[in-house]
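# Coordinates in review
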Amino acid sequence: MTPPRVSVHRARRRFTALTVLALVSTFALPVLSASPAAAATPLRTLAAAKGKFIGFAAATSPLANEAAYRTIAQTEFNQITAENAMKWDATEPSDNSWNFSGADQIVNFAVANNQAVHGHTLVWHSQTPGWVQGLGATAMRTAMQDHITTLVGRYASNTALQSWDVVNEVFEENGSFRSSFWYNTLGQSFIADAFRYARAADPDAKLCINDYNVEGINAKSTAMYNLVQSLRAQNVPVDCVGFQGHLATQYGFPSDLQQNMARFAALGVQVRVTELDVRILTPRTSAKDTVQAQYYTNVVNACLAVTACAGITIWGFTDKYSWVPDTFPSEGFALPYDSSYAVKPAYTAINTALGGSPNNDTQAPTTPGTPTASGVTSSGVTLSWTASTDNVGVSGYDILRAPGTSGGSFTQVGTSTSATFSDTGLSANTSYRYQVRARDAAGNTSAASSAVTVTTTGGGTGDTQAPSTPGTPTASGVTSSGVTLSWTASTDNVGVSGYDILRAPGTSGGSFAQVGTSTTTSFSDTGLSASTSYRYQVRARDAAGNVSAASSAVTVTTTGGGTGGGCSVTAAVQTQWSGGYVIQPVTVTNTGTSAISSWTVTFTLPSGHALVGQWNGVITVSGGTGTAKNANYNGALAPGQSTTFGFQVSRPSSDNSTASGFTCATP
Ligand code: 9MR
């Protein structure tokens, strides 16, 4: 039996009125063949090694009836959320008449498989029976207390049950409180009461507030941030914030997810991704699978980067059982396993991001086309070929070379991430054969292409005249790790084909070794040590392989690594209203040539303005001056790198001014 799939969401992003029962048709799958089940290290093993949980939302029917579903559920996950079985309509369909069958089934499964259970969800406007919705204020508060006390109390001594969504989806998209029957009957106080009742029923469980479209920093997540801050200031037991994570590839990835998690973490709460899925527009294609996989990677990386992120729950795991197609017509395929329980690139992505080396993909890329040669000189050639294709994407090509027109063996002479490669350092008037082969991210390798034979020019031209000596290089753009060299060109009777760049250590002594080549009269060297001297010479080559004398040397001393940092700052008013505003993002950029480890932004707060919230920085206000120092995780910036922080201010309602005069300094 399929689990109940009637969506009653009312405000999902960019959709209104979406109680649509879409047909779950068999979409054409143009590219994808089912891969065998993963022979990879299970996600739960990898996640546990990182100190995180990885979970899924369980549907009771397949958990009871399908061996394939149960096997993946036990093997891959160490956490379970009941997709529907612990909701009010399932557990207390009429007043004080209880049905724990689905909830018990899931908790028992979790106990048997050493998995944590997240209880979902106690107080929600959806999937709550009509008998609750119609109550008056006093009776409704009592019903809420009874429901929480009984349901939470039932599992309070069960160590598998570790956390609860106490209130779910209490905000509108603009950050105001959702106009639900809870709010309309009881006012905002229902939230604090629900947390207090839950704490009384289970003093050990982590108590969470949960919502969707709060993954990035926006009006809704900022309202949630302010609420959590204010509840905790009043000793209301809010321990945890859940970001549902119902993502869709057509809306882009919320790139500030990590920063958003970090600002909540700075309030002292645990954070978690509670309902992750990444839907795509049908039909499914391998290109869309790749984008989806990247979203999963990004979410895992964000959680790994934030210590307070306890883990990630995926909203199901197989496309066979997902709420998406029933709710969003023409969307689906949101989960890491397909409807036949074969892993998708999203699975590989999650596994890889958790530190695994999933071995599930055994399909090699197609054989690349035979290379064609162009730009043949006495010492080099450029090869191009028709690209390979691959089910999970080609990650690169190996270039193989054999001597002569036949015989000899092929050895690898280079790699390329595009379908072209230039080989250099060849002998004049000599033949070589080239083949290419493709690799994918899982390490599968294609067959080698057919070979192309290339014969370099030059040997028979009789040109023995070397180019003139290049001018002494001049250095510019000296940083702590690099320099750009320019020189006056050489001339040659048949034309200069390129320059060799030679480098020696120090201001004298040592020997010159070639560090690069250039076909122009400039070259940038990188990877140098700070506060260190080097000497550079250049020499010219012609197509026949004749080489000029080396130029005179220029001495270059790199700048110091520990100083030279500077920063700039820009600030934006994200939103404002009579009585307050949000400055977000304040972007701090390292404009120096060396890394900085801390920064300080100062700004002016008009009189009567007061700081009421802040994230990703540590802000103090004295007189009319705000001083923001980096948080402990965003002080280090490489040259050119930026980070952001933000804050919220209250102001007199008659006042339209905002904070101004932002300046940045290091440290
Ligand atoms: O996946 C759940 C689906 O089976 C139910 O029909 C639906 C009812 O609203 O709820 C789905 O789960 C929701 C979760 O409980 C709260 N956040 C949004 C989820 C997707 O709608």
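At a minimum axis distance of 10 Å, the contact between helix α10 (residues 219-233) and helix α11 (residues 257-265) shows a crossing angle of 15 degrees. Taken together, α10 and α11 sit at an angle that is classed as roughly parallel. Handedness of the α10/α11 crossing: right-handed. Within the contact between the two elements, α10 uses Ser221, Thr222, Met224, Tyr225 and Val228 and α11 uses Asn260, Arg263 and Phe264.

Right, let's talk about the sheet that holds strand β12 (residues 381-384) for a bit. Here three strands make up an open sheet; going across it, the order is β11-β12-β15 and the pairing antiparallel. Every other strand in the sheet has two partners, leaving β11 (372-374) and β15 (420-423) as the edge strands with one partner each. For this sheet the average axis-to-axis angle between neighbouring strands, irrespective of direction, equals 25 degrees. In terms of strand pairing, β12 meets β15 through four bridges, oriented antiparallel. Note on β15: the bridge partner recorded for Val381 is Asp423.

On to the confidence of the model for the protein, then. Overall, the prediction assigns the protein a mean pLDDT of 89, with 91% of residues at 70 or greater. A low-confidence stretch, residues 1-38 stays under pLDDT 50, and its non-local contacts, those more than four residues away or across chains, total 72 contacts.

Sheet topology note: the strand β29 (residues 617-622)/strand β30 (residues 625-630) ladder contains six bridges and is antiparallel. Within the sheet, the bridge partner assigned to Ser622 lies in β30 and is Thr625. The antiparallel hairpin formed by β29 and β30 contains two residues in its connecting segment, where Gly623 sits at a positive phi of about 60 degrees.

Turning next to the state of the cysteines. Across all of its chains, the model carries three disulfides by this definition. Each disulfide pairs two cysteine sulfurs, and for Cys208 the partner residue is Cys240, the sulfurs being separated by 2.1 Å. On the sign convention where negative means left-handed, the S-S torsion of about 90 degrees between Cys208 and Cys240 marks this disulfide as right-handed. Of this pair, Cys208 sits in strand β5 (residues 206-211) while Cys240 sits in strand β6 (residues 240-243), placing them 32 residues apart in sequence. A relative accessible area of 0% means that Cys208 is categorised as buried. Looking at Cys240, the relative accessible area reads 0%, which means it is buried. The partner cysteine of Cys303 in its disulfide is Cys309, sulfur to sulfur 2.0 Å. On the sign convention where negative is left-handed, the bridge of Cys303 and Cys309, at about -95 degrees about the S-S bond, is left-handed.

This part takes up helix α5 (residues 101-112). Its 12 residues give α5 an end-to-end C-alpha distance of 16 Å, which sits within 8% of 16 Å, the value for a rise of 1.5 Å per residue. Listing the buried residues of α5 in full gives Gly102, Ala103, Asp104, Ile106, Val107, Phe109 and Ala110. In the segment just after α5, Asn114 is the residue with positive phi, at about 55 degrees.

Turning our eyes to something else, we now look at the environment of Ser476. Tracing the backbone through its elements, the reader meets Ser476 in strand β18 (residues 474-476). Along the chain, Ser476 and Leu63 lie 413 residues apart, while their C-alpha atoms are 67 Å from each other. Aside from chain neighbours lying at most four places away, what touches Ser476 is Val483 and Thr484.

Here the focus is the packing of α11 against helix α12 (residues 286-305). At a minimum axis separation of 9 Å, α11 and α12 run at an interaxial angle of 30 degrees. In terms of orientation, α11 lies roughly parallel with respect to α12. For the pair α11 and α12, the sense of crossing is right-handed. Residues Leu257, Gln258 and Met261 of α11 form the contact with α12, whose participating residues are Val299, Ala302, Cys303 and Ala305. A per-class count over the contact of α11 with α12 returns six nonpolar, one polar and no charged.

With that settled, consider the pattern of salt bridges. On inspection of all chains with the given rule, the structure shows 16 salt bridges. Glu331 serves as the salt-bridge partner of Arg279, at 2.7 Å between the closest nitrogen and oxygen. With Arg279 in strand β8 (residues 270-281) and Glu331 in strand β10 (residues 331-332), this residue pair connects regions lying 52 residues apart in the sequence. Both residues of the pair, Arg279 and Glu331, belong to the buried class. For Arg503, the salt bridge is made with Asp525, and the minimal N-O distance between the two is 2.7 Å. One end of the pair, Arg503, is in strand β20 (residues 496-505); the other, Asp525, is in strand β22 (residues 522-525), and 22 residues separate them in sequence. Within this structure, Arg141, Asp193 and Arg196 form a network of salt bridges that share partners.

Reading guide: rules and limits
Residues numbered from 1 in each chain as written. Predicted model: local features only at pLDDT ≥ 70, side-chain atom pairs only at ≥ 80, totals over all residues. Heavy atoms only, no water. Axes fitted to C-alpha atoms, helices over the stretch in contact; angles between N-to-C directions. Helix = DSSP H or I, 4+ residues; strand = E, 2+ residues; numbered from the N terminus. Parallel < 35°, antiparallel > 145°, perpendicular 65-115°, else oblique. Left-handed = near helix turned anticlockwise from the far one by under 90°. Contact = heavy atoms within 4.5 Å. Pairing = 2+ DSSP bridges. pLDDT = per-residue confidence, 0-100. Disulfide = S-S within 2.5 Å. Buried < 20%, exposed > 50% of the residue type's maximum accessible area, 1.4 Å probe, protein only. Expected span 1.5 Å × (residues − 1). Nonpolar A, V, L, I, M, F, W, Y, C, P; charged D, E, K, R; others polar. Salt bridge = Lys/Arg side-chain N within 4 Å of Asp/Glu carboxyl O.

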